[in-house]
There are 2 protein chains.
Amino acid sequence: MARPESISKSDLLQRLTAVFRSVGYEGASLAALSRETGLAKAALYHRFPGGKEDMARCVLAEVGRDMRGLVFSGLDGEGSPRRKLAVMRDGLALFYADGERSCLADLFSVEGTPATIRTPLAGGLKAWIAAVARVVEEAGIDPAEAARRSEDMVVRVQGALVVSRALGDTRPFRNVLARLVDDLLALP
Amino acid sequence: MARPESISKSDLLQRLTAVFRSVGYEGASLAALSRETGLAKAALYHRFPGGKEDMARCVLAEVGRDMRGLVFSGLDGEGSPRRKLAVMRDGLALFYADGERSCLADLFSVEGTPATIRTPLAGGLKAWIAAVARVVEEAGIDPAEAARRSEDMVVRVQGALVVSRALGDTRPFRNVLARLVDDLLALP
DNA sequence: GTCTATAGCCCGATAGAC
DNA sequence: GTCTATCGGGCTATAGAC
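Small disclaimer: the values here were computed from a predicted structure and weren't measured. (Residues numbered from 1 in each chain as written. Chains lettered and ligands numbered in written order. Predicted model: local features only at pLDDT ≥ 70, side-chain atom pairs only at ≥ 80, totals over all residues. Heavy atoms only, no water.)

Engineer: When you look at the environment of Cys 58 of chain B in this model, what are you seeing that I'm missing?
Structural biologist: Residues and elements named next belong to chain B. The residue Cys 58 is located in helix α4 (residues 51-76) in this model. Judged by relative accessible area, Cys 58 falls into the partly exposed class, the value being 23%. Along the sequence, Cys 58 and Ala 40 sit 18 residues apart, while their C-alpha atoms lie 18 Å from each other. Residue contacts for Cys 58: discarding those within four places in its chain leaves Leu 13 and Phe 48. (Helix = DSSP H or I, 4+ residues; strand = E, 2+ residues; numbered from the N terminus. Buried < 20%, exposed > 50% of the residue type's maximum accessible area, 1.4 Å probe, protein only. Contact = heavy atoms within 4.5 Å.)

Engineer: Could you clarify how one ought to interpret the pattern of salt bridges in this entry?
Structural biologist: Any two side chains of opposite charge can pair, on the condition that their charged atoms come close. All names here are of chain B. The full count for this structure, using the stated rule, is 31 salt bridges over all chains. Linking Asp 90 and Arg 89 is a salt bridge whose minimum nitrogen-to-oxygen distance equals 3.1 Å. According to the relative accessible area criterion, Asp 90 is partly exposed, its value standing at 42%. Among the ionic pairs, Asp 183 bridges to Arg 156, the shortest N-O distance being 3.4 Å. Here Asp 183 is found in helix α9 (residues 171-185), whereas its partner Arg 156 is found in helix α8 (residues 143-167), with 27 residues between them in sequence. On the accessibility criterion, Arg 156 (12% relative accessible area) is buried. (Salt bridge = Lys/Arg side-chain N within 4 Å of Asp/Glu carboxyl O.)

Engineer: Sorry if this is basic, but what is going on with the protein's contact with DNA strand D here?
Structural biologist: Every one of the 18 residues lining DNA strand D counts as a neighbour, but Ser 6, Ala 40 and Ala 42 of chain A together with Leu 30 and Tyr 45 of chain B are closest to it. For DNA strand D, the backbone makes up 61% of the atoms found within 4 Å of the protein, where backbone means sugar plus phosphate. Arg 47 of chain A has a polar side-chain atom sitting 2.8 Å from a phosphate oxygen of DNA strand D. Interatomic distance of 3.1 Å between a side-chain N/O atom of Lys 52 of chain B and a phosphate oxygen of DNA strand D. Those elements giving two or more residues to the surface near DNA strand D turn out to be α3 (41-47) of chain A together with α2 (30-37), α3 (41-47) and α4 of chain B. The leading source of residues in the surface near DNA strand D is α3 of chain A, at 4 residues. Residues of the surface near DNA strand D, tallied by class, amount to 9 nonpolar, 5 polar and 4 charged. (Near = heavy atom within 4 Å. Polar contact = N/O pair within 3.5 Å; in protein donor to acceptor, adjacent residues only side chain to side chain. Nonpolar A, V, L, I, M, F, W, Y, C, P; charged D, E, K, R; others polar.)

Engineer: I would appreciate a short explanation of the relation of the copies chain A and chain B in the present structure.
Structural biologist: Both copies of the chain are tied together by a single rotation about an axis and a shift running along it. Relative to chain B, chain A is turned by 180° and slid 0.0 Å along the rotation axis, the superposed coordinates differing by an RMSD of 0.0 Å. Look at the turn and shift together and you get a two-fold axis relating the two. Judged by C-alpha distance, Gly 159 of chain A is the residue of chain A that lies nearest the rotation axis, at 1.7 Å. Interface overlap between copies: 100% of the residues of chain A at the interface are likewise at the interface in chain B, consistent with a symmetric, same-surface contact. (Least-squares fit on C-alpha atoms with pLDDT ≥ 70 in both.)

Right under this line is the structure:
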């Protein structure tokens, strides 16, 4: 039985994620993590014995699961490549709240973040690029070109999030999403 | 007369820049800024009475000047659009050390950085996009499409820096630069 | 203009009561 | 499992000697 008076593990992770996602690893103070979750610091240490690094690792794993659910999951099923990539695009819009959110791949890759967090992050990015490349190949694009386009797509999404944040305007992100499928599947 | 025993203003700003560029605004502690410049904290306060925020503002202004020198300067002169954009591309390779360096537009746009720094940053990004769009228009591309391509170029450069940093591999950055001019000037 | 020394605060992390 | 209280240390910033 779940104990309703206590915050659920999933809710807790979601709130921790929000903090790390807006201020990064070093910027996320235990005071802020405590405030945003409603748990005292000691309670956070009870749930995450490894402290802040432990929290960030769990957040990254949870975000990875969300990403797989919203973004990857459609890539493996049946359906045309165009349809699968369109599902991914819509998942990205949700995942990044239409460009309002930053990506942990950006915030967690800066110096000062522990390597135990940066390493799985790189793996996740590579997995994403590879999964998209497989779908692009299905559409008849040769493997080298498919890999190039997939990397370019991820580059554009990351860049659009940075530019949107820096300008305080989500149009760059929405512009990239609008062309994402066509750019991946364009004729050679 | 310059006093040779004291670090020059330009050298000082360059060393401060290196710190902010690798760890961001909040991550740049006065201890690190002091260590990397060889000046005691009190001496830094003598030169930058506004403290860390003052240093970051001066660093941003200096980086803006470097950017204008290396990246913008070629855009206004004579020469074909293709040649001018190629000069910009080579300037970018230098400016970002072939993808090894991060961009302040990324690091300084995260929450926690004072607005006095984030605001001029957004202006600089917009100016860059506009300057490139003018050259693309010179090549006969219509203004709306030129604006779109220029924004997309900046998006790609920013994204390539993020992905290169996250993967620990500068290939994404070099790939973007290799196609930058052709993508801007492609036939409609 | 640069230094050493330190104020005052917030940091990550822990002790121990309940 | 959560709390309050606190530790030692690093933080930004300043005082004051030279």
